[in-house]
Amino acid sequence: MVTDAVWTDYNQDGLMDLLVVREMNSPVLLKNIGGKRLEVQKIPELEKFHGFWYSIISGDFDQDGYDDYIIGNLGENARFRPSEKYPVNLYAIDLDLDGVIDPVTTAYWEDKNGKMTEYPVNYLDELFSQSTFFQKRFSDFITFSLTGIKDIFNEEILKRLDFKLYVNTLSSYVIWNDKGKFTWQKLPPQLQLSPLTKMVAGDFNSDGFTDVLLGGNDYSYDRSTGNYDAEKGTLLLSKGKNRSFDILKPSQSGILFQGMLQSLQYFKGDTSLVVAGFNRSKSEVFLVNPVRSK
């Protein structure tokens, strides 16, 4: 599922390409071929990390003439800890043989013997409501809680696998663009506490460097997971060629996002404004005071 995209001339050939982020997948670059078509590129550096990717923004943050990117993920404050060895997986299988795909999400936790084992993420009552397969397979919660996915899906069932997606990181990143070669760098820990769903770029302190305002949170998860609501709005002030940022909290920037941020716009002009839209709440407007940083 495509969650966000940005137009960018990543290789400075004068043609605008499209960089797309996808849920439970890697970013993917669609290169502009002669202004006539977009063609998917196989770029190992971009395919390295699969996430829940919510958002992406571009800007030449290190002033080398090439667009860099900030990419927003779920954040590390979550109930699972995926890695390359122990990913979060999504199996898309027609379990009931009724022509309908049943998605089953799994993650790794230690079993009763301390061995890392792949289990369903959803609870049994949730899976009962999704598919009769689980109703026939399990009669009690205890048996279900002790059964790994390899014992739930046998080889015959896995033959019906339509596709499989995975996540190996929950972190949000800066992707540095070195003349079309990409390097991933984790954002600071303060930006790993909640989903980063919306971002805008601009020179907010009038120092000639491209900065980024970030917000997020997500209240759409199930009750057992709860709300992700630790992101109150963060301003990253670029320091240019040394590839680092100063981090301004709401108490320093004056911008405070309270709620689940659903839209974010930056209007630059004689009077510059940031407009933030929140789920089931009023929009808020912030005046950008163009004071040059010291």
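Residues numbered from 1 in each chain as written. Predicted model: local features only at pLDDT ≥ 70, side-chain atom pairs only at ≥ 80, totals over all residues. Heavy atoms only, no water.

As for the overall build of the protein chain
Helix and strand counts for the protein chain come out as six helices and 19 strands. If one aligns the C-alpha atoms of the protein chain with their principal axes, the spans along those axes are about 65 × 45 × 35 Å. Here the protein chain, with 294 residues, has 46% of them falling under the buried criterion. Put simply, 50% of the contacts in the protein chain that link residues at least 6 apart link residues at least 24 apart. Counting only carbon and sulfur atoms, one obtains 51% of the accessible surface of the protein chain, whose full area is about 15,400 Å². (Helix = DSSP H or I, 4+ residues; strand = E, 2+ residues; numbered from the N terminus. Buried < 20%, exposed > 50% of the residue type's maximum accessible area, 1.4 Å probe, protein only. Contact = heavy atoms within 4.5 Å. Areas by Shrake-Rupley, 256 points an atom, 1.4 Å probe, with all protein chains shown as cover.)

As for the side chain of Asn177
With respect to the element layout, Asn177 can be found in strand S11 (residues 173–178). Take Asn177: its relative accessible area is 0%, and that puts it in the buried class. A distance of 2.9 Å separates a polar side-chain atom of Asn177 from the backbone oxygen of Tyr10. At a separation of 3.0 Å, a polar atom in the side chain of Asn177 contacts the main-chain carbonyl oxygen of Asp67. Other than its neighbours up to four places away in sequence, Asn177 contacts Tyr10, Asp64, Tyr66, Asp67, Asp68, Tyr69, Phe182 and Arg243. (Polar contact = N/O pair within 3.5 Å; in protein donor to acceptor, adjacent residues only side chain to side chain.)

Considering a nonpolar patch on the surface
On the surface, Trp7, Met16 and Leu38 cluster together to form a nonpolar patch covering roughly 310 Å² of accessible area. Met16 sits in the partly exposed class, given a relative accessible area of 42%. (Patch = residues over 30% accessible without salt bridge, like charges linked within 9 Å, V, L, I, M, F, W, Y side chains within 5 Å. Salt bridge = Lys/Arg side-chain N within 4 Å of Asp/Glu carboxyl O.)

Some remarks on the sheet that holds strand S12 (residues 181–186)
Spatially, four strands are ordered S5-S6-S11-S12 in an open sheet, and the strand pairing comes out antiparallel. Either end of the sheet is taken by a strand with one partner, and the two such strands are strand S5 (55–59) and S12. Each neighbouring strand pair of the sheet contributes to a mean axis angle of 20°, computed without reference to strand direction. Bridging between S11 and S12 involves six bridges; their strand directions are antiparallel. Within the sheet, the bridge partner assigned to Val174 lies in S12 and is Gln185. (Pairing = 2+ DSSP bridges. Axes fitted to C-alpha atoms, helices over the stretch in contact; angles between N-to-C directions.)

Notes on the pattern of salt bridges
Under the definition given, this model contains six salt bridges. Salt-bridge contacts for Glu39 lead to Arg37; the nearest nitrogen and oxygen are separated by 3.1 Å. Several salt bridges converge on common partners, so that one network encompasses Asp62, Asp178 and Arg243.

A few points about the pairing of strand S7 (residues 88–93)
The buried fraction of S7 is high, at six of six residues. The alternating pattern of S7 places Val88, Leu90 and Ala92 on one face and Asn89, Tyr91 and Ile93 on the opposite face, and all of these are buried. Here S7 pairs with strand S8 (residues 102–110) via five bridges, running antiparallel. Residue Leu90 lies in a different strand from S8, and its bridge partner there is Thr105.

Digging into unusual backbone geometry
In this model, Lys179 sits at a positive phi of 55°, which is unusual for a non-glycine residue. Position of Lys179 relative to the elements: it lies in the loop between S11 and S12. The exposure class of Lys179 is exposed, given its relative accessible area of 66%. Although it is not a glycine, Arg243 adopts a positive phi angle of roughly 55°.

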